[in-house]
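Below, each chain spelled out in residue letters.
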Amino acid sequence: MIQIAVLGYGTVGSGVVEVLETNQELIAKRAGQEINVKYVLDLRDFPGDKIQDKIVHDYDVIVNDPEIQVVVEVMGGIHPAYEFVKAALEAKKSVATSNKALVAKHGAQLLAIAKEKNVNFFFEASVGGGIPIIRPMNTCLTADDVDEISGILNGTTNYILSKMFLEGLDFDTVLKDAQDKGYAERNPEADVEGYDACRKIAILTSLTTGQQVNFEEIYTEGITKITAEDMKYVHKMGKAVKLIATSRKEDGKIYAMVAPFLLDADHPLYSVNNVFNAIFVHGNMLGDAMFYGSGAGKLPTASAVVADVVDAVRQQDHVAVEWNETPLVLADLKGAQRRFFVRVKGGLAEAETIFGSIEKWEQVVEGESGFITPMLSEKEFEEKAEKLSGMIHRIRLI
């Protein structure tokens, strides 16, 4: 029997315990032996819950217990999660985590410690919830030069944009609906401002390049400026708007960003709606592939965590992951080439003078017009947009 400890008994932590109990026999068969939760670390007590007998408040109890072979970290945040995970690895205990903030910030360092101690640091659930993506990136796609990863990596924002698009509602109305249904936190900033997706694309980019990506250097723009008026144009153009986290190699440079993008109907991510996530990958040998499923939620995320626990039990020796602490220098986004959709007050004569050949969308919303620019660099667009009077909003095209 393998003894494990779970750090945190919140949504995901309780889900991990539930998955282990519900699928106990199946998991034991696949792991080769029974897996038992010996401790659950939490600041709180849970009177009346059968987990109470396993609750401990002192992490030293866990890290100093030689019976504990795997530690599950589902506390969230960086501190004290980082200190706890580091101590577990140094004590030669494997770790499975769903903590995207921790992995994005300290992934390379924690992987190095795991290698030194011949244990494992697994983090499948840190990106895409229940969607398998980390393991495929580290195994199935190792023969490919992956030159693009683009994904809908946040279920909250995808739900909001889908509902705004389908029902013509404004952002604030749909956000409240998402909060009432439990799809959005009371403080939704990390989701709606794109910070959550930013950390996830940083992790994926680090894995594909083998170097440490500083998520704070990734240009990040959320969805709070998307309006019901924008959606009228989106409908008219036959497109969809999604919050896309993207990392793309071009001429040997890596461009990474998070922002709302307009997608054509033939794009693989166009029809991914509601709380679902999807990750599009392009490799030089593979071509296109897409991973789709529940990107968040108690049981999907817990399922991915438990799968890592099973792997940690089966893989007694360290599994190599190509991700070192050498900082990756991201390309200046100003050089990235794309088209832009722009809304302006009044007509389009001035826009034609400034941008040249444009695709026009008029009389969609009273008192304004919209247009799509030719292909421009981000820098060129900024320079031209400064000359444009009455600009209301712009959205990039993918």
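Residues numbered from 1 in each chain as written. Predicted model: local features only at pLDDT ≥ 70, side-chain atom pairs only at ≥ 80, totals over all residues. Heavy atoms only, no water.

### What about empty space enclosed by the protein?
Right, so step 1: If you walk through the whole model with that rule in mind, you get 1 cavity of 30 Å³ or more.
Right, so step 2: Looking at the largest cavity, its volume works out to about 70 Å³.
Right, so step 3: Around the largest cavity, the lining residues are Val 146, Asp 147, Glu 148, Ile 149, Thr 205, Thr 208, Thr 209, Ser 247, Arg 248, Lys 249 and Ile 254.
Right, so step 4: Of the residues belonging to the lining of the largest cavity, the class tally is 3 nonpolar, 4 polar and 4 charged. (1 Å grid on protein atoms, 1.4 Å probe; cavity = no way out; pocket = protein on both sides within 12 Å on 5 of 7 lines; lining within 4 Å. Points joined across faces, edges and corners; volume = space filled by probe spheres on them. Nonpolar A, V, L, I, M, F, W, Y, C, P; charged D, E, K, R; others polar.)

### A look at the nonpolar core
Right, so step 1: In this structure, Ile 62, Phe 121 and Leu 204 are the most contacted members of the largest nonpolar core, which totals 84 residues.
Right, so step 2: Here this core takes 8 residues from helix H5 (residues 100–117), the largest share from any one element.
Right, so step 3: Discounting residues that sit within four places of it in the chain, Ile 62 has contacts with Ala 5, Leu 7, Tyr 39, Leu 41, Val 56, Ile 68, Val 71 and Lys 93.
Right, so step 4: Ile 4, Tyr 9, Val 305 and Val 309 belong to the second largest nonpolar core, which has 31 residues in total. (Core = buried A, V, L, I, M, F, W, Y, C linked by side-chain atoms within 4.5 Å. Buried < 20%, exposed > 50% of the residue type's maximum accessible area, 1.4 Å probe, protein only. Helix = DSSP H or I, 4+ residues; strand = E, 2+ residues; numbered from the N terminus. Contact = heavy atoms within 4.5 Å.)

### Considerations on the packing of aromatic side chains
Right, so step 1: Under the counting rule described, the total for this entry stands at 10 aromatic pairs.
Right, so step 2: Their ring planes at 20° and their centres at 4.2 Å tell us that Tyr 59 and Phe 84 sit as a pair that is stacked. A residue pair is termed long-range when its members are at least 10 positions apart, and Tyr 59 in helix H3 (residues 59–63) and Phe 84 in helix H4 (residues 81–90) qualify at 25 residues.
Right, so step 3: By relative accessible area, which is 7% here, Tyr 59 ends up buried. (Phe/Tyr/Trp six-rings, centres within 6.5 Å; stacked < 30°, edge-to-face > 60°.)

### Notes on the layout of surface pockets
Right, so step 1: Volume-wise, the second largest pocket comes out at about 280 Å³.
Right, so step 2: Broken down by secondary-structure element, the contributors of at least two residues to the lining of the second largest pocket are helix H6 (134–138) and helix H10 (195–209).
Right, so step 3: Take the lining of the second largest pocket: its biggest share by element is 3 residues, from H10.
Right, so step 4: Here the lining of the second largest pocket is built from residues that sort into 5 nonpolar, 5 polar and 4 charged.

### Side note on unusual backbone geometry
Right, so step 1: Omega for the bond connecting His 79 with Pro 80 falls within 30 degrees of zero, at 10°, which places this linkage in the cis form.
Right, so step 2: Mapped onto the elements of the fold, Pro 80 is located in the loop between strand S4 (68–73) and H4.
Right, so step 3: Positive phi outside glycine occurs at Asp 251, with the angle close to 55°.
Right, so step 4: Of note in this structure, Asn 274 is not a glycine but carries a positive phi near 60°.
Right, so step 5: With respect to the helices and strands, the residue Asn 274 is situated in the loop between strand S10 (253–263) and strand S11 (276–283).

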